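Below are the chains, spelled out letter by letter.
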Amino acid sequence: MSTLDHKTGTISSEMQQEFTSGLKGMVITSESPEYDQARTIWNAMIDRRPGMIVKCRNTDDVIRAVQFARRNNLLVSIRGAGHNIAGNAICEGGLVLDLSQMNSVEVDEVTRSAIVGPGATLADVDKGTQAFGLAFPTGINSTTGISGLTLGGGFGWLTRKYGMTVDNLMAAEVVTAEGKLVYADKNVNDDLFWAIRGGGGNFGVITSFYFQLHPVGPEIYAGLIVFPFEQAKSLLSQYREFSKTLPDDASTWVVLRKAPPLPFLPEEIHGKEVVVFANFYAGDPTEGENIFSPILEFGTPAGQHLGTMPYTSWQQAFDGLLTPGARNYWKSHNFEELTDGAIETAIESINHLPSPHSEIFIALMGGAEARISADATAYSNRDIRFIMNVHSRWETKAEDEACIQWARDFFRNATPYATGGVYVNFMTEEEGDRIQGGAYQSAIMSRLTKVKDEWDPTNFFCMNQNIKPSKT
């Protein structure tokens, strides 16, 4: 098995037996029939062969696995339940801590709070919280894992109203690099609590998240307005101004891509480039129509599908575009404004899409998340208005070069118009040079390094967008 110091070690059958005998979960090795399925993640570009996969059932399993890996100096990666674009959930030759079975969601309706397991997806969270007409800000795909989303910051349709996912995290239970279980909130281990709210999986394994909930749904107003792509420059220029008028209850994102065969679109536009306005209103659904009606006047729509629907349905609306098994490569920029140059660069890129599944989406930020101090959490890029994700997605290895280059070309061409900041969850494995200065500005990075020195001085948790301790 691979060790932390990049060597190869062996685990005797006696040591393995001693380890597995006390587990509630199961250990999978290359000899197990479940091995290939267990090592496969959402991004098909990641094809690694870990030495051991530990499917944990509870916190005791996590503690036992961390202590075992520590004693044997093993390379460790942590797998939650979601997409993991960078592929750090699976390590080559080491031990994978698979938390996907720890997916419980316990809701306290009286205190409007929830305890969420690290293996929960957003679908698990929505099912548990919406039973009580409650929610907290998460992402926009129900197949996303709550752990990775939260540890990187977390944003979605409710962010303008209630802040980032981390702004609604009240506490967490964490298994440290020493294999000890600790509790962290704003009063207890407050430095650790600050760091896990945006600093990624650098400081420990979260085994329980404690979230504050808010009244949401169960019915909300949402939907799509789709325009032909030849109107893109005018549409995006008008969107730039329209977005400044939206109340915190409202959010409109833009997706630039080829039109999927949606039933409300005419067949002749299927497979053609389009501009999609995705709209969500968290207030009284009867007010939603008035909020988004100006978009219909931006140009001549090819089709629209807007109305009142269950919040859980809207959370699943884009799942079909992000199914597992495809090859994925992302690049991302933060923007204070959508300048003419940024708009023209995006249009030019869509004119040269490398595959029918690739897209650029523009997420609207601001509102509640921007009113929180930049140093309140490790996620600190709160002075931006837009996050633009260039999402290259394709089916075969033969397409790798063209699809990756397309994303890189857009990223390079858009750089002059961007802030230089980046959302850490959208970074690929190769972007370590963007951690300092991009994901985290110098003061935040310095503080994160100090927390790393205290809680993980040997860099045991290194399979991530890594914040290195000062003495490595």
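For the structure itself, consult the block above.
Residues numbered from 1 in each chain as written. Predicted model: local features only at pLDDT ≥ 70, side-chain atom pairs only at ≥ 80, totals over all residues. Heavy atoms only, no water.

Caption draft 1: Representation of the nonpolar core in the model. Counting residues in each nonpolar core, the largest one holds 119 residues, and the members touching the most others are Phe277 and Trp314. If we skip the residues at most four places from it in the chain, tryptophan 314 touches Trp157, Ile220, Ala222, Gly223, Leu224, Ala278, Asn279, Phe280 and Met309. Core analysis: the next-biggest nonpolar cluster, separate from the first, contains 25 residues, Val62, Ile63, Met102 and Val205 among them. (Core = buried A, V, L, I, M, F, W, Y, C linked by side-chain atoms within 4.5 Å. Buried < 20%, exposed > 50% of the residue type's maximum accessible area, 1.4 Å probe, protein only. Contact = heavy atoms within 4.5 Å.)

Caption draft 2: Expanded view of the side chain of asparagine 72. Note on placement: asparagine 72 falls in the loop between α3 (59–71) and β3 (76–79). Sequence-distant contacts of asparagine 72, defined by excluding residues within four places in its chain, comprise Thr3, Ile11 and Met15. (Helix = DSSP H or I, 4+ residues; strand = E, 2+ residues; numbered from the N terminus.)

Caption draft 3: Broad picture of the pairing of strand β2 (residues 52–55). Alternating positions in β2 separate into two faces, Met52 and Val54 on one and Ile53 and Lys55 on the other, with burial throughout. As defined by bridge partners, strand β1 (residues 26–28) adjoins β2 across three bridges and the pair is classed as antiparallel. What sits directly across from methionine 26, in β2, is lysine 55. In this structure, β2 lies alongside strand β4 (residues 95–98), joined through four bridges in parallel fashion. The residue bridging isoleucine 53 from the neighbouring strand is valine 96, located in β4. (Pairing = 2+ DSSP bridges.)

Caption draft 4: Spatial organisation of the state of the cysteines. On inspection of all chains with the given rule, the structure shows zero disulfides. This cysteine, cysteine 56, is not joined by any disulfide, and cysteine 91 carries the nearest cysteine sulfur, 13 Å off. Under the relative-accessibility criterion, cysteine 56 is labelled buried at 0%. Between cysteine 91, a cysteine without a disulfide, and cysteine 462, which holds the nearest cysteine sulfur, the sulfur-to-sulfur distance is 8.6 Å. Assessed through its relative accessible area of 0%, cysteine 91 is described here as buried. (Disulfide = S-S within 2.5 Å.)

Caption draft 5: Layout of the pairing of strand β18 (residues 386–394). Counting buried residues in β18 gives nine out of nine residues, a clear majority hidden from the surface. Here β18 shows no split at all, with Phe386, Met388, Val390, Ser392 and Trp394 on one side and Ile387, Asn389, His391 and Arg393 on the other all buried. Sheet topology places strand β16 (residues 327–335) next to β18; nine bridges connect them, and they run antiparallel. In the sheet register, histidine 333 faces β18, and the bridge partner there is methionine 388. Alignment of strand β17 (residues 359–364) against β18, held across six bridges, turns out to be antiparallel. Within β18, the residue paired with glutamate 359 across the bridge is histidine 391.

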